[in-house]
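Observations on the three-dimensional arrangement
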Amino acid sequence: MTPFVDAHVHLNSLPMQLELMARWGASHAVVFWGGRSSNDSVAEAARQHPGVLIPFASISPERTAYRPQWEQHSDELLRQLDEMLATGLYEGIGEISAAHFPAAGFAETDFGVTGPMMTGILELARKHKVPVMVHVESTRMAELSQLLQRFADVPVIWAHGGYTPLFLARRMLEQHPNLYYELSARTWPHHPRSPDYTILRDGTRVWPEWLQLIEEKPGRFLVGTDASHRSISSDAMKYASVQSFLAQLSPPAREEVGRGTLMRLVGMGR
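An account of the accompanying structure is given in this report.

About the thresholds
- Residues numbered from 1 in each chain as written.
- Predicted model: local features only at pLDDT ≥ 70, side-chain atom pairs only at ≥ 80, totals over all residues.
- Heavy atoms only, no water.
- Phe/Tyr/Trp six-rings, centres within 6.5 Å; stacked < 30°, edge-to-face > 60°.
- Helix = DSSP H or I, 4+ residues; strand = E, 2+ residues; numbered from the N terminus.
- Buried < 20%, exposed > 50% of the residue type's maximum accessible area, 1.4 Å probe, protein only.
- Lys NZ or Arg CZ within 6 Å of the ring centre and 35° of its normal.
- Lys, Arg positive; Asp, Glu negative; His and termini not counted.
- Salt bridge = Lys/Arg side-chain N within 4 Å of Asp/Glu carboxyl O.
- Polar contact = N/O pair within 3.5 Å; in protein donor to acceptor, adjacent residues only side chain to side chain.
- Pairing = 2+ DSSP bridges.
- Right-handed = clockwise from strand over helix to strand, strands pointing away.
- Contact = heavy atoms within 4.5 Å.

Here we look at the packing of aromatic side chains
- For the structure shown, the criterion picks out eight aromatic pairs.
- Ring plane angle 40 degrees and centroid distance 6.5 Å describe the contact between Phe32 and Phe56, whose orientation is recorded as tilted. Here the residue Phe32 occupies a position in strand E2 (residues 26–32), and Phe56 occupies one in strand E3 (residues 53–57), the gap between them amounting to 24 residues. The exposure classification of Phe32 matches that of Phe56, with both residues buried.
- Taking 6.4 Å as the distance between ring centres and 55 degrees as the angle between the ring planes, the aromatic pair formed by Trp33 and Tyr66 counts as tilted. Residue Trp33 is located in the loop between E2 and helix H2 (39–48), and its partner Tyr66 is located in the loop between E3 and helix H3 (67–71); the two are separated by 33 residues in the primary sequence. Each member of the pair, Trp33 as well as Tyr66, carries the same accessibility label: buried.
- Site record: aromatic cluster; members linked through ring pairs are Trp158, Tyr181, Trp210 and Phe221.
- The side chain of Arg63 reaches across the aromatic face of Trp33, ending 3.8 Å from its centre.

This is the structure in structure tokens:
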């Protein structure tokens, strides 16, 4: 089993998360709130498990209380994020679902990727020197490119890589040195939203062309599970898929994609 850092966890159950990490070889996990948690609960969990849980602060618009403030371009919401980051409790910002297609239990979000809320978030990331994880669908890729160019000094983690096809992944990585392609949900054997979201050709083996790109640019990729603690069996599948994926990489790429990329982004070295 390969030790790795999980870059994408919605921390709804701390006991379940710790059990999954111990069982599936995750030494660290980036955690942010989900449907049954908050920024405060995430920070408290990280305080209890320092150096293991890596908390990110989120003001994402899928939260019912935040959506009206996104619609009004609320400076107050950005001020709250600024205050959270100033505490030093959080190692990054995210997940920020600016443009997210509808899913089970998740209302669609469709906010300007270059609008005042997103630019305000990137300005705070620059100020506090932290990475930002964004969920932006590939239909908004042109705007994402504009944002990345404007904030070329801010590391941006693209959740699920926008579910792009291979050639767009390569194009975006080559055009934007500050972009990091996060693979959570793309290693699952089956994706409930679309069968072409996985990078697996048969539910197990990664397409050779994807392996080639990842081997070429391992320092630009990172793995995650998108665990949300709805059930232990569902999340175990997600963790097993990451282990299966990592086993298909060369040892140097496995180390980079599994641990190195994320640990550098949050200033924890290796």
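Quick notes on the side chain of Asp226
- Structurally, Asp226 is set in the loop between strand E9 (221–222) and helix H9 (232–246).
- Despite being buried, Asp226 has no salt bridge partner; Lys238 is the closest side chain of opposite charge, sitting 5.7 Å away.
- Here the side chain of Asp226 touches His10 through a polar contact of 3.2 Å, side chain to side chain.

Remarks on the pairing of strand E1 (residues 4–10)
- The buried fraction of E1 amounts to seven of the seven residues, a majority that puts the element mostly inside the structure.
- Sheet topology places E1 next to E2; five bridges connect them, and they run parallel. Residue Val5 lies in a different strand from E2, and its bridge partner there is His28.
- Handedness of the crossover joining E1 and E2 through helix H1 (residues 14–24) is recorded here as right-handed.

Side note on the environment of Gln248
- Mapped onto the fold, Gln248 is located in the loop between H9 and helix H10 (251–265).
- Exposure remark for Gln248: the relative accessible area of 25% places this residue in the partly exposed category.
- Put simply, Gln248 and Arg205 are 43 residues apart on the chain and 7.8 Å apart in space, counted from C-alpha to C-alpha.
- Setting aside residues up to four positions removed in sequence, Gln248 forms contacts with Thr204, Arg205, Val206 and Leu211.
- Reaching out from Gln248, the side chain makes a polar contact with the backbone nitrogen of Val206 at a distance of 2.9 Å.

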